[in-house]
Structure formats: structure tokens, C-alpha cells
Amino acid sequence: MSAPSREEILQRLREIRHPKSGRSIVELGMVSGIVVRGSNVGFALEIDPSEAEALEPLRRQCEEAVRALPGVTSCTVVLTAERRPAGPGAAPAGPPPGGGGPATARRTRPKIALPGVRSVVAVASGKGGVGKSTTAVNLAYGLEALGWRVGLLDADIYGPSVPRMTGARGRPTSPDGEKLVPVESYGIPMMSVGFLVDEETPMIWRGPMVQGALQQMLGDVLWGELDVLVVDLPPGTGDAQLTMAQQVPLTGAVVVSTPQDIALLDARKAINMFRKVDVPVFGIVENMSYFVCPHCGGRSEIFAHGGARACAERYGVDFLAEIPLDPAIREHADAGRPLAVFAPESPQARAYLDLARNVRDRIEAQLGESGRRPPRIRYL
Ligand code: ADP
């Protein structure tokens, strides 16, 4: 049975009405970004931010309606809130829950509850392409290699790369129609928008990113008991990142940067963003720090190595690790073969293991006595 076309999906959605106005959600222009991938469908419902809670049943209704179409096995709908331009007649409402800019940084937003998850660490960068996702994935597997129970959330909604880098296959399932069972790859449960859309199909997240999507990818997931959940944030320091930094109950953050000055300027912005929302910055990782020639073993400092260490000192945060620019790191990431699993004895895996140890120690210090992991009882 082949999947329905976008038009057929829209046809079905035309019958669904906004609970207040009674008008069709399609006519109201609420439906956007329909993606059909195999038998899996996803789209966004654009809503007024103030209605986020009230429209949760509508979101579920849409999911159920589309899931019931022949040829569809799963449907995920996210609520998105586009920032409405203030103009004549616009309600003098506060900032939308999905963002609102740095000026609203101190506005408190409710944190998403994560029962069973002992700590959450964000991996962030001031800009894209510095190796943030590579670091997040290798940090997660490094922590797992240290014996921790680890989960991984790919919150990089603009460029989800966790599925590719971890070799994760399949899709989250929802046996009860409410909570999602994450996909597991080499022992780590994970969630990503990438399970829903193609990496090459950019999902348009208009306006500030949405409480609804984060709640679904994070709060509505059966993570089980975890020592740490590693969160790969979108690059940059805009509204979406700020919202996530506020809503995700972060124990601390790791900022990834390349050594060039320009990237470090961005790293500073990321540090400041976390400070604004009172999230401890565990430190900086200098990625692509130096290059080791695979032929002669010689070390070249292509990007003026050491900038991140100086930046860390200046900003009073720790320097967590320097990771070389190394073809093996890229190859393992591209092939979805985590270093800690496929080459645990390699110098590259060891570099990430050192990073994982540093992060683990900072998490423990941050949690203090009360958050310590109870010793595991072994029956001999
Ligand atoms: P970001 O998440 O910051 O956008 P990625 O983690 O996706 O960046 O990395 C961008 C590219 O650089 C990927 O192809 C990745 O394999 C490669 N890369 C990242 N770190 C390294 C490294 N230390 N050595 C070699 N290649 C790397």
C-alpha cells in the first residue's frame, strides 16, 4: 500500500476544525511543512503561542486522523508558533513561548520534567560547522564507555545529523499513542527530528522554535533511567537556542569551538547565553585543534591552535579538551560507526574518553551529594 500524497493528506486535514473558530485548519493556513517519508508523515501546525496548551488535543487529533489513512504507519505533528508582527490591531501580548529574543532571557519558562534522568548536558556552539554534533555523539558514547546510562537528544532541528553519525535506524514508536519509545543505537536511546525528515530536506521552523516540538522530542519520550542525557543544540545563540537553554533542565553546558578567533567570538556568545539563563558552563572544547598527518605523524597547527584555552581563561570557564582535526573522526561520523564502539583503543576514541571523564566529573560536582548515583548492587 503506497503512502498518500500531500494532497490526500491535506484533503483529510480539511475536515478537521479549529475548536474555537470552527473553521478548517487547512483553510486557516495552520498546516505547513508536510513531509512524507515512506509510510511516515510529519507536518507542523502553526498556532498562536497563547493557545499552545489548549490546542494539544487538536495536535493529537491530526496525528490520529492521518495515521488512520491507508499506507500510513506513523504521523508526527508538531505545534509551531510564528512570531506575529506587532502592528495595528495586534494584541499587546507578551513574547511567544517559543522565544522572544535575548531581552526576554530572564523570563522564566517551565522546565520540561524528565523523571528518571539524573543529569542533562547541552553541547552548543556559537555557529555551525565547528563539529558540535560530532562532539555530542562522541561525548555520549564516551560517557557510555565509562559505564554511564546515556541518552542522546538531537535538538538540532535545522540540521539533524545524529541519526547519520550514530548509524541509528528505524523510527520512534508509540505503542500507547502518547509516549514515544526512542530509537536505540549501540546501547544509547536517542531522539531526533532526523528520524522524521530527510537530512537533506530542511524543515522550516518558522519564527521561534516551539515549546511543543521540544516537549514531544524530550518530555514525551520514554527515556528510562539515565545518568545523563546529552543534548545536541542547534548552532548559534538565537531564540530557539535560548528557549531550549531555558526549558531543558540543564545540569550544565559544553561549548564547542574551532581555534580561529572568529569562531571564538561566537563561542563567547554561547557562554554568555548560558550565563544569562543561569546554566553552568562546564567548559570549552577546542575542535580541529591541530592536525596529525596520517602519513608522517607530524603535527600541524592549522588554525592557530590554543585560542580556545585562552578564551576559556578569559571567560573563567574550564578548558575541557582539544580534539585533533583527524580524517578518522570524520570517517567514523560519516559511516555512523561511533569511535568508542568501533575503535575504542584508538587515540581519537581516547581523546573523547578524556572529554567524557572531564564532563562526568563536572556533572557529579554540580549534582553534589544529593544527586550522586547510588552504588550498583552486585550479587556474587
Ligand atoms: P556542527 O554540528 O558544528 O555543524 P558537525 O559535527 O556536523 O558540525 O561537523 C561538520 C563536519 O566536520 C562533519 O563532516 C564532521 O565529520 C567533520 N568533523 C567534525 N569534527 C572533526 C574532527 N575533529 N576531525 C575531522 N573532521 C571533523
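Numbering of residues begins from 1 in every chain and follows the order in which that chain's sequence is written. Where totals are concerned, whole chains, interfaces and linings use all residues; where local detail is concerned, this predicted model gives features only for residues with pLDDT of at least 70, and gives and counts side-chain atom pairs only at 80 or more. The side-chain quantities take in all heavy atoms of the structure and omit both hydrogens and water.

## Quick notes on the overall build of the chain
And then number 1: In this description a helix means any DSSP run of H or I spanning at least four residues, a strand means any run of E spanning at least two, and both kinds are numbered starting from the N terminus. Along the backbone of the chain there are eleven helices and twelve strands.
And then number 2: A simple rule labels every residue: compare its accessible area, found with a 1.4 Å probe on the protein chains alone, to the largest value its type can have, and call it buried under 20%, exposed over 50%, or partly exposed in between. When the 380 residues of the chain are sorted by exposure, 54% land in the buried category.
And then number 3: Counting only contacts in the chain whose residues sit at least 6 apart along the sequence, the fraction spanning at least 24 positions is 76%.
And then number 4: Accessible surface, the chain: about 17100 Å² in total, of which carbon and sulfur atoms supply 52%. We call two residues in contact when some of their heavy atoms are within 4.5 Å. Using a 1.4 Å probe, the Shrake-Rupley method yields the accessible areas, and only the shown protein chains count as cover for residues.

## Observations regarding the site of the ligand
And then number 1: Nearness is judged by heavy atoms alone; a residue qualifies as near a molecule or strand once a single heavy atom is within 4 Å of it. In the vicinity of the ligand lie 17 residues, with Gly129, Lys132, Ser133, Thr134 and Pro324 positioned nearest.
And then number 2: Here a polar contact is taken to be a pair of N or O atoms separated by no more than 3.5 Å, where protein atoms must pair a possible hydrogen donor with a possible acceptor and residues adjacent in sequence count only if both atoms sit in side chains. At 2.8 Å, a backbone N or O of Gly129 approaches an oxygen atom of the ligand.
And then number 3: Within the contact set of the ligand, a nitrogen atom lies 3.0 Å away from a side-chain nitrogen or oxygen of Asn287.
And then number 4: Among the secondary structure elements, those contributing two or more residues to the shell around the ligand are helix H3 (132–145), strand E10 (281–292), strand E12 (319–325) and helix H9 (327–335).

## Regarding the packing of aromatic side chains
And then number 1: When the centres of two rings from Phe, Tyr and Trp lie within 6.5 Å, Trp using its six-membered ring, the rings pair. Their planes under 30 degrees apart give stacked, over 60 give edge-to-face, and anything left gives tilted. Taken as a whole and assessed by the stated rule, the structure comprises one aromatic pair.
And then number 2: We call a charge positioned over a ring when the NZ of a Lys or the CZ of an Arg lies within 6 Å of the ring centre and within 35 degrees of the ring normal. The ring of Trp148 has Arg118 lying over it, and the distance from NZ or CZ to the ring centre is 5.1 Å.

## What about the side chain of Asn138?
And then number 1: Checked against the element boundaries, Asn138 lands in helix H3.
And then number 2: For Asn138, a relative accessible area of 7% puts it in the buried group.
And then number 3: Polar contacts involving the side chain of Asn138 include one to the main-chain carbonyl oxygen of Thr134, which spans 2.9 Å.

## Describing the pairing of strand E1 (residues 31–37)
And then number 1: When DSSP finds two or more bridges between two strands, those strands count as paired. Bridge analysis of E1 against strand E2 (residues 40–47) gives five bridges, and the strand direction is antiparallel. Each residue of the ladder has a partner; that of Val31, found in E2, is Leu45.
And then number 2: Here E1 folds back onto E2 in antiparallel fashion, the turn holding two residues, of which Gly38 has a positive phi close to 60 degrees.

## Some details on the environment of Ala270
And then number 1: By the secondary structure assignment, Ala270 is in helix H7 (residues 261–276).
And then number 2: Taking the relative accessible area as the measure of exposure, Ala270 reaches 1% and is therefore buried.
And then number 3: Here the alpha-carbon distance between Ala270 and Gly238, two residues 32 residues apart in the chain, equals 9.7 Å.

## Details of the pattern of salt bridges
And then number 1: In what follows, salt bridge is the name for a side-chain nitrogen of Lys or Arg lying within 4 Å of a carboxyl oxygen of Asp or Glu. All told, the structure shown has 19 salt bridges when counted by the stated rule.
And then number 2: Between Arg59 and Glu56 there is a salt bridge whose closest N-O contact spans 2.8 Å. Separated by three residues within a single helix, Arg59 and Glu56 lie in helix H2 (residues 56–67), roughly one turn from each other.
And then number 3: Accessibility expressed as a relative area gives 2% for Arg59, which makes it buried.
And then number 4: Residues joined by salt bridges that share partners form a network here, namely Glu56, Arg59, Arg60, Glu63 and Arg67.

## Focus: the nonpolar core
And then number 1: Working definition of a nonpolar core: buried Ala, Val, Leu, Ile, Met, Phe, Trp, Tyr and Cys residues. They are joined through side-chain atoms within 4.5 Å. Within the largest apolar cluster, 43 residues are counted, with the highest numbers of intra-cluster contacts made by Trp223, Leu229 and Phe274.
And then number 2: Excluding residues within four positions of it along the chain, Trp223 makes contact with Leu114, Val117, Gly151, Leu152, Leu153, Pro182, Pro189, Met190, Met191, Met217, Leu218 and Leu229.
And then number 3: In terms of nonpolar packing, the next biggest core, distinct from the first, is built from 40 residues, Val121, Ala168, Val256 and Ala351 among them.

## A word on the packing of H3 against helix H11 (residues 347–367)
And then number 1: All axes here are fitted lines through C-alpha atoms, helices being fitted over the stretch that makes contact, and every angle between N-to-C directions spans 0 to 180 degrees. Look at H3 against H11: their axes get within 8 Å of each other, and the N-to-C directions meet at 75 degrees. One element, H3, and the other, H11, form an angle in the roughly perpendicular class. Residues Thr134, Thr135, Asn138, Leu139, Gly142, Leu143 and Ala145 of H3 form the contact with H11, whose participating residues are Tyr352, Leu353, Leu355, Ala356, Val359 and Arg360.
And then number 2: Of the residues that constitute the contact of H3 with H11, the class distribution is eight nonpolar, four polar and one charged. For classification, angles of less than 35 degrees are called roughly parallel, those exceeding 145 degrees roughly antiparallel, those between 65 and 115 degrees roughly perpendicular, and all remaining angles oblique. Amino acids outside the nonpolar list (Ala, Val, Leu, Ile, Met, Phe, Trp, Tyr, Cys, Pro) and the charged list (Asp, Glu, Lys, Arg) are all regarded as polar, and Gly is one of them.

## Describing a nonpolar patch on the surface
And then number 1: Nonpolar side chains collect at one region of the surface, where Tyr186, Val341 and Phe342 lie side by side and expose about 230 Å² of accessible area between them.
And then number 2: Within the element layout of this structure, Val341 appears in helix H10 (residues 339–342). Every patch collects residues that have over 30% relative accessible area and no salt bridge, joining them within 9 Å if they carry like charges and within 5 Å if they are nonpolar side chains (Val, Leu, Ile, Met, Phe, Trp, Tyr).

## Overview of helix H8 (residues 307–315)
And then number 1: The complete set of buried residues in H8 reads Gly307, Ala308, Cys311 and Ala312. One face of H8 carries all of its buried residues, which in axial projection span an arc of 135 degrees. Away from its buried face by more than 90 degrees, H8 exposes Glu313 and Arg314.
And then number 2: Positive backbone phi, at 65 degrees, marks Gly316, one or two positions downstream of H8. Arc, as used here, means the arc of the directions from the helix axis to the C-beta atoms.

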